Structures are given as C-alpha cells and as structure tokens.
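Chain and residue survey
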Amino acid sequence: MDISPLAGKPAPKEMLVDLSRLEKEYFERRPDLDHPTQRVSFGISGHRGSPFDGSFTEAHIFAITQAICDYRRAQATNGPLYMGKDTHALSGPAQCTALEVHAANDVETIIQRDAGFTPTPVISRAILVHNRSRSDRLADGIVITPSHNPPEDGGFKYNPTNGGPADTDVTQWIEDRANDLLRNGNASVKRVAFEVAINAETTHQQDLLLPYVNDLRNVVDMDAIRAAGLKLAVDPLGGAAVHYWEPINRIYGLDISVVNPQVDPTFSFMTVDHDGAIRMDCSSPYAMARLVGLKDRYRVAFANDPDSDRHGIVTPIAGLMNPNHYLSVAILYLLTHRPHWPAEAAVGKTLVSSSMIDRVVRKLGRRLSEVPVGFKWFAPGLFDGSYCFGGEESAGASFLRRDGKVWTTDKDGPIMNLLAAEITARTGKDPGEHYRALTAEFGIPYYTRIDAPATPEQKARLERLSPEAVKASDLAGEPIVAKLMRAPGNGAPIEGLKVVTRNGWFAARPSGTEAVYKIYAESFRDEAHLEAILSEAQEMVNTALAS
C-alpha cells in the first residue's frame, strides 16, 4: 500500500471541499443512467456517492426515498420512520429532500429536533424500543451518512423493522424501484415543498439523544466506570455523537474530555489518511494521529466515525488498537462478565476477522458463528438473542444488554468506546494490556489486507468460484483444511473464496466499487509466513480465475 507524504499530517487548505459547489451540484446535476456508476446502487451499507461524479444527487434521493415509501406500503409497514443524519455536508440537504417525499406519501417521520445529528445506533435502538412487544404499526428507519468516507460524499441507508441494516432482498427491491423511477425522470415521485414537509402533521421533531444516553446503563456498567475515576478522552471526529458526550458525563458522573468538539463539514481539523484523502476513519492511525498523540495523557481514549457506528480505541501501550485486537479483548471480557447472557448465544464474526477471536471463543467453550462481510448478517441474531455479540474487522460491533436482551441490531461505536472504559475499570488493565496477555497465551497473529487488480469479468468469476477451482492442497507449507465459498456460520455465499490451514488463512473478495479484488490474510507463525500466504494466495486466485 502506497503511503501519501501527507499521511498523518493536518489537511492543507487546498484539499478542503468547496461546500457551495458541492451543494450546487447536489441540487442541479442530473445522473446519466447510461453510466452504471451513476445509478442507484446499494452496497453493504446503502447507496453512497458524490455529486461531483453524478452518483449522489437530489434526483437519487427523490428516487430512493419514494422507493422506500413504496416498499413500506408493500410490506404494510405503517408505523413511524426514524430518520437520522450525520455531519457530512450533504446529509442535511438529503434529509430535507427525503422529508419532502415522506410528507407527500403521508409517512410519519421522526427526526432529531433543532436540526440535530443522530448516530446510526440511536436510530437502531429507537426502532427496537418502539417495536418492543408490538405486532402492528411497526417502525423502521433511515440514516443519511456515507460513514467514514470523504467530506464530498453522501450516503443513504435503510433499516427495516428489525432495526439493523437491510438485507439484500430488501435493498435489491429498493434499488430496482429507484432506478426505474430515475429512468422515468422521477415523474412518479410524490413530493411537497420543504416548508410544507417540515410543518406537516406527519413530521415530528423529538429528542432522540437523552433516551439513548439514559439507557446506556443497561448495556454498559457505567457505575463501575464512575467508581474507578478514570481519566478518559474522546474525539468524535466531527461526527454525529459530538453532542452526546457532555450528557454522558453529566448523567453518569464521568470524566471524559472531548478533545475535539468541532463540527465542520469540510472536516478541516482532520489529519490526512494513508492515501492522501480526508477520511474520518477511526481505525486508521493516520486519520487518528492527533488522538494517538494524546495517548499518554489518558487511561483510555476513543473515537467514532461521523455516524458513530465504528469505534477506535487508544491506550498508552498499544496506541491505536487494531480493530481485530480490540474485538478479541471485548469478546473475552463480555463472555466472562455478563452472567445474564444466554449461555447458548453465539459470538458472531465476519470471515475476514482475526482467528484470535476463534481461539478466545473456543477457550471459553462458547459457539462461534462466522458469516460473510456485512453487519446485516448479525442483525437477526442480535434481534432474537441467538447472538450475544457481532463484530467485524472494520471496527464495527454491537452486543446485548446486560440482561441478555437486544440493544441495537446495527453497529454501535459509543458502547464499544464505553466498554473499553468498563474493562479498564473492572479489571485494572486497559484493553491494550489485555491483548498482550492474549498473545502470550495464543501467539501473535500477523494480519494484513492488500488489493490486487481485477477486471469486471474476473470479479464476477471470483464471486462464482467453486472449491474445485482451487487445485492446490497446501498453502505456505501447510495442508489446506478448508476451502470455503459459503460462510460456516449461516451457509450464505461469501462472494469470494477463503482458504484455511492450521496456522493461517486468506480470503479473496471482489471490490464492489473498484477494479480490484481484496485479499485478507493472517498467520499465527511470523511475518515471513504471512508474506508466503499472500504470495501463494494471489497465484492461487489468479490461476482459478484464468481456468
């Protein structure tokens, strides 16, 4: 991976997005549907794009919102729709656009009052709380966010009545309907003026912040954190959780310093990511350089991305923890400190997450469920309690309430932050120290991800590979024990290939947006073994694609 000379340094002014031009393009540009990249496309986490390349415009949001209204009607979903937004420049305009369509379709819509921001997990929790013990007038939700992506991007995702990310059958329905609407010039989209929409009887402005904050005690041991008197810090990275930390401090008597309280849609306060882009990625040491620089001043420090569904944990000895490392520690702690959780509930992990998690779960005699990439695969299990935890290598996770009932079915960055404080308070050791103990017991895992060039035809072929296409019987000097095209946890296609040996593995998946496929690899032996896995993985995949 090439590292930009700007990586980890403050973003220069010439990099900052022109907000006036961005908003003008959002309202005025019309997508060219002859270009596939300018059509509506729901990936793992909704539709994302930028007005600058014609992939995120008012026309897209009109079409997607009408499609969601049509989907709700088809499913007889007639309860309130909770709609949140993050701090990206386009999130506010997109929310206004969506409200115009909702009001015209008589969809009851609940938004944060005073034009406030709402994190993804707050929307998920609100849906679940409303739907608790209900069989009619069920709620669903929308979150307007491109996650950690650059300031010029916009994003729009739908959460159905289970509160989690929509499954593929839902997103495909919405995508197809939205593109049909676009092809017809959005002639079938119902809308009213924004002034009418914001004052409509169906539009409700409520406080979604305090109900979430007051409920945190039921998922994290806030009393233990307060009793320990920990000196903590948070950098919201200018995101939707920025105004949540002061109420958390006040209500629970904590000492969390908000080291960066700024909200700026250009994200001018960021340090530049590895590739020279401004990206609010709380798992990137380059984007997190400022908070990492404060690591010795606080017992634990943490951050979230703009919609607060991801977490980044910083400790004095570890600096910024690799997400895989913190997931392993969190799982070990939760499985030994949540006595009311159902013993049969599984730990969910994505198939590209570290095998350290497998070793931790096996040690504790619990069930592991390995699923494809995407948090949507955890939502049903978290909803019905058959999963106690769901986590992915990209720093997204959620877990059950302390009594074993559902908390959220989408990723929740703030509870993962606060859990790091609880771990430190209850054990006297921070997550970085706990991870050192895990490596002493199980060995050090060497983990990486690289991108390899791939044509559209090769990417499509990779999705359809069969185990028989991989002829090799060994990988990096060890016998292959599994060749997976479906996830062991739920039998769902992984849209790629995973090859496993006793001390290592690799997984190859096509990128949804770039002309590459991604190779994830891990070795429990050493760096040389990891390099051998990577080299043979590329050769193995390329041979299979050529056959």
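To start, this report covers the structure provided alongside it. Source: prediction; values computed, not measured. (Residues numbered from 1 in each chain as written. Predicted model: local features only at pLDDT ≥ 70, side-chain atom pairs only at ≥ 80, totals over all residues. Heavy atoms only, no water.)

**Description of the pattern of salt bridges**
One pass over the structure, following the stated rule, counts 31 salt bridges. Across the pair Arg 191 and Glu 100 runs a salt bridge, and its minimum N-O distance is 3.1 Å. Taken together, the positions of Arg 191 in the loop between helix 5 (168–183) and helix 6 (194–198) and Glu 100 in helix 3 (residues 91–104) put the pair 91 residues apart, joining distant regions of the chain. Residue classification places Glu 100 among the buried residues on the basis of a relative accessible area of 9%. Across the salt bridge formed by Lys 295 and Asp 296, the nearest N and O atoms sit 3.3 Å from each other. We classify Lys 295 as partly exposed; its relative accessible area is 24%. Residue classification places Asp 296 among the exposed positions, given a relative accessible area of 60%. Ionic contacts of the salt-bridge type, sharing partners, join the residues Lys 157, Asp 307, Asp 309, Glu 392 and Lys 411 into one network. (Salt bridge = Lys/Arg side-chain N within 4 Å of Asp/Glu carboxyl O. Helix = DSSP H or I, 4+ residues; strand = E, 2+ residues; numbered from the N terminus. Buried < 20%, exposed > 50% of the residue type's maximum accessible area, 1.4 Å probe, protein only.)

**Quick word on the side chain of Thr 408**
Take Thr 408: it is sitting in the loop between strand 16 (396–399) and helix 14 (413–427). Using a relative accessible area of 1% as the deciding quantity, one classes Thr 408 as buried. Within the local environment of Thr 408, its side chain forms a polar contact with the side chain of Ser 398, the two groups lying 2.6 Å apart. Here the side chain of Thr 408 touches Asp 410 through a polar contact of 2.9 Å, landing on its backbone oxygen. Once residues within four sequence positions are removed from consideration, Thr 408 is found in contact with Pro 121, Ser 124, Arg 125, Leu 128, Leu 382 and Ser 398. (Polar contact = N/O pair within 3.5 Å; in protein donor to acceptor, adjacent residues only side chain to side chain. Contact = heavy atoms within 4.5 Å.)

**Topic: the sheet that holds strand 12 (residues 319–320)**
Spatially, five strands are ordered 9-8-10-11-12 in an open sheet, and the strand pairing comes out mixed. The sheet is open, and its two edges are formed by strand 9 (255–258) and strand 12, each paired on a single side. Two strands pair when backbone bridges link them, and strand 8 (residues 231–235) and strand 9 are joined in this way by four bridges, in the parallel orientation. Bridging across to strand 9, Ala 233 finds its partner in Ser 257. (Pairing = 2+ DSSP bridges.)

**A short note on the side chain of Thr 424**
Examined against the element boundaries, Thr 424 turns out to sit in helix 14. The exposure class of Thr 424 is buried, given its relative accessible area of 3%. A polar contact of 2.8 Å, which involves the side chain of Thr 424, links it to the backbone oxygen of Ala 420. Setting aside residues up to four positions removed in sequence, Thr 424 forms contacts with Leu 230, Arg 299, Val 300, Lys 429, Asp 430 and Pro 431.

**Re the state of the cysteines**
One pass over the structure, following the stated rule, counts zero disulfides. The closest cysteine sulfur to the non-disulfide-bonded Cys 69 is located on Cys 96, 16 Å from its own sulfur. A relative accessible area of 3% means that Cys 69 is categorised as buried. (Disulfide = S-S within 2.5 Å.)

**Focus on helix 9 (residues 245–252)**
Along helix 9, the residues classified as buried are Trp 245, Pro 247, Ile 248, Asn 249 and Tyr 252. Where helix 9 is buried, its residues touch helix 7 (209–215), helix 8 (222–228), strand 8, strand 9, strand 10 (300–304) and helix 14. Downstream of helix 9 by one or two residues, Gly 253 has phi in the positive range, about 65°.

**Some remarks on the sheet that holds strand 6 (residues 154–159)**
Taking strand neighbours across the sheet as the criterion, the seven strands line up as 1-2-6-5-3-4-7 in an open arrangement whose pairing is mixed. Of all the strands in the sheet, the pair left with one neighbour each is strand 1 (42–43) and strand 7 (203–206). Taken together, the five bridges between strand 3 (residues 81–85) and strand 5 (residues 140–144) define a ladder with parallel strand orientation. Paired with Tyr 82 across the bridge in strand 5 is Gly 141. Sheet contacts for helix 2 (residues 58–75): strand 1, strand 2 (46–49), strand 3, strand 5 and strand 6; angle to strand 6, the most-contacted strand, approximately 0°. (Axes fitted to C-alpha atoms, helices over the stretch in contact; angles between N-to-C directions.)

**A few points about the environment of Pro 431**
Within the secondary structure, Pro 431 is located in helix 15 (residues 431–442). For Pro 431, a relative accessible area of 0% translates into the label buried. The spatial distance from the C-alpha of Pro 431 to the C-alpha of Ala 330 is 7.9 Å, given a sequence separation of 101 residues. Setting aside its immediate chain neighbours within four residues, Pro 431 contacts Val 300, Thr 315, Met 321, Tyr 326, Val 329, Ala 420 and Thr 424.

**Topic: the nonpolar core**
Membership of the largest hydrophobic core comes to 63 residues, with the highest contact counts inside it found for Leu 216, Ile 248, Ile 256, Tyr 326, Phe 389 and Phe 399. Broken down by element, the residue count for this core peaks at nine residues, all from helix 11 (residues 323–337). In contact with Phe 389, other than residues within four places in its own chain, are Leu 327, Ala 330, Ile 331, Leu 334, Ala 346, Val 347, Gly 348, Leu 382, Ala 397, Ser 398, Phe 399 and Met 416. With 39 residues, the next largest nonpolar core counts Cys 69, Tyr 71, Ala 98 and Val 101 among its residues. (Core = buried A, V, L, I, M, F, W, Y, C linked by side-chain atoms within 4.5 Å.)

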